[in-house]
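A closer look at the structure
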Amino acid sequence: MICVMLPVHLQRLANTGREVELQVDGPVTQSSILDALEASYPMLRGTIRDHVTKERRAFIRFFACGEDLSLEQPDVPLPESVANGTERFMVVGAMAGG
Amino acid sequence: MSSVRVLVGTRKGAFILTSNARRKKWDINGPYFAGWEIYHINGSPANHDRLYASQSTGWFGQLIQRSDDGGKTWEPVDNKFVYDGTPGTHKWYDGTQHPWEFKRVWNLQPSLTDPDTVYAGVEDAALFRSMDGGKSWQELPGLRSAKGDLWQPGAGGMCLHTILLDPVNPERIFIAISAAGAFRTDDGGGSWLPINQGLKSNFELPDPTADVGHCVHNLAMHPSRPGVLFMQKHWDVMRSDDAGGMWYEVSGNLPTDFGFPIAVHAHEPETIYIVPIKSDSEHFVPDGKLRVYRSRKGGNEWEALTEGLPQSDCYVNVLRSAMAVDTLDSCGIYFGTTGGQVYASADSGDNWAPIVHDLPAVLSVEVQTLP
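The following paragraphs examine the structure supplied in this document. (Residues numbered from 1 in each chain as written. Chains lettered and ligands numbered in written order. Predicted model: local features only at pLDDT ≥ 70, side-chain atom pairs only at ≥ 80, totals over all residues.)

1. Quick look at the interface of chain A and chain B
With twelve residues of chain A in contact, the opposing surface of chain B contributes eleven residues. Looking at which element gives the most residues to the side of chain A that touches chain B, the answer is helix α1 (residues 8–14) of chain A, with three residues. The residue inventory of the side of chain A that touches chain B, partitioned by class, reads six nonpolar, five polar and one charged. (Contact = placed C-beta atoms within 7 Å. Helix = DSSP H or I, 4+ residues; strand = E, 2+ residues; numbered from the N terminus. Nonpolar A, V, L, I, M, F, W, Y, C, P; charged D, E, K, R; others polar.)

2. Looking at the sheet that holds strand β18 (residues 216–222) of chain B
For sheets, the rule is that strands pair by backbone hydrogen bonds, running either parallel or antiparallel. Residue and element names in this part refer to chain B. Strand order across the open sheet formed by four strands is β18-β19-β20-β21, with antiparallel pairing between neighbours. A single partner strand is all that each edge strand has here, and the edge strands are β18 and β21 (248–249). As paired strands, strand β20 (residues 237–240) and β21 are joined by two bridges and run antiparallel to one another. Its bridge partner being in β21, M238 is matched across the sheet by E249. (Pairing = 2+ DSSP bridges.)

3. Some points on the environment of B:G259
If you trace the backbone, B:G259 turns up in strand β22 (residues 258–264). If near-sequence neighbours (up to four positions away) are discounted, B:G259 is found in contact with B:H217, B:Q232, B:I274, B:V275, B:P276 and B:I277.

4. Notes on the pairing of strand β16 (residues 181–185) of chain B
Within a regular beta strand, the side chains point alternately toward one face of the sheet and then the other, so they alternate between its two faces. All names here are of chain B. Burial analysis of β16 places five of its five residues in the buried class, the great majority of the element. The sheet contact formed by strand β15 (residues 173–178) and β16 spans five bridges and is antiparallel. Bridge pairing links I175 to F183 in β16. Of the strand pairs in this sheet, β16 and strand β17 (residues 193–194) are connected by two bridges, and their pairing is antiparallel. Counted as the bridge partner of F183 is P194 from β17. (Buried ≥ 20, exposed ≤ 12 C-beta atoms within 10 Å, placed from the backbone.)

5. A look at the nonpolar core
Nonpolar side chains tend to gather and get buried jointly when the protein is soluble and globular. Residues B:V8, B:I177, B:A263, B:M323, B:Y334, B:V342 and B:V365 are the most contacted members of the largest nonpolar core, which totals 108 residues. In contact with B:V8, other than residues within four places in its own chain, are B:A14, B:F15, B:L17, B:G336, B:V342, B:L359, B:V362 and B:V365. Listed in part, the 22 residues of the second largest apolar core include A:L6, A:L13, A:F62 and A:V82. (Core = buried A, V, L, I, M, F, W, Y, C linked by C-beta atoms within 7 Å.)

6. A short note on the sheet that holds strand β30 (residues 362–370) of chain B
Residue and element names in this part refer to chain B. Within the open sheet, the four strands sit side by side as β3-β2-β1-β30. Their pairing is antiparallel. A single partner strand is all that each edge strand has here, and the edge strands are β3 (27–32) and β30. Pairs of neighbouring strands in the sheet enclose a mean axial angle of 15 degrees, with direction left out of account. Bridge count for strand β2 (residues 13–20) against β3 is four bridges, and the pairing is antiparallel. By the bridge assignment for β3, L17 is matched with I28. (Axes fitted to C-alpha atoms, helices over the stretch in contact; angles between N-to-C directions.)

See below:
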């Protein structure tokens, strides 16, 4: 199972905890994780990536294994530790303002 | 006994304020959607328990929430606002053309007769409609054909912020956009006509009397007389007696005619309310005094309403969607400020009292009068 960590506003919206577990079939990529996330929690559609273009929203970042993966191509396979669930895939609201 | 439910959208969530018809003692509920901007929360005239809320942030984008129990519980409905066809371009701040990009929903206006039909005014300016209670949204693209390439954002963005549904003619809708002007459809939203004749924007437009481009801040009508419209423009308070065919100025003796909201008394079609703001570069009330101005003659002759409102050291603004009226026998007037106060008058504006002092900045106020 893939472990995805959500920011607090999306936890409340999806009525879930800090982390959700997802079954992802096929290659584990940003796209396949988000597809599975949105299938399980349809209310999250449009909040992390655009409905149509599937582009990541400007103030959303993706982290895993201590790395910022936000600028990676969405269909590039993620590290095995994410695929086997030992590392979390983190959806983070970017720091902004002061 | 009748009661009122005041729906308040703020920078950091929604609040619902309720009282009986005396409007002396209030219950405050919220925040709903804490931490999110609630540009608008509005109720269906056909079913008072059906509410819609526009919820957004810069991080997570736009959501639409719906309640079927008067705001006790909510469920997110569809948030997919996709412009019809190829969106095209509009005028940007520097005069160049810029692609149409959806940013947020400013205004939600439920149908007068069907709780499942609701209109959404969005930024970049367009009008969407849902006919299934918010489960899907479709643009009414004819609006952007009304010289949309000449529309230009105001300081707050290029937003469709006002939607007035004609209670007599269901095919007629009025909308207003900053900074494009006012528009009317007479065929249910298929085709639209700019209705800006008589407006003069001497400092904002190269052609002060252009067809489109005027920074209209708000429109209001009395339901018994939908052909008479009142407008708070960027500068100038205006009136039309022919459904927007021609406008004339009714600023009269106002201390300043810049402002945002405008409202009409529930039982007196010639009694209107505004909140003058010092200027376009100083968005607060003049002289540190929070004064609502009332005209009982449909404009030109205005009186300051001050009883119960702060008359020194007050520097708040009242945004365009933040004033509303109830329909009780003694008409109630309500407005919210950028300082987080919501004020109410249960006697047509003669006397005011705060319902709450310390909410986040208020973006919108709507009122439901409940049987």
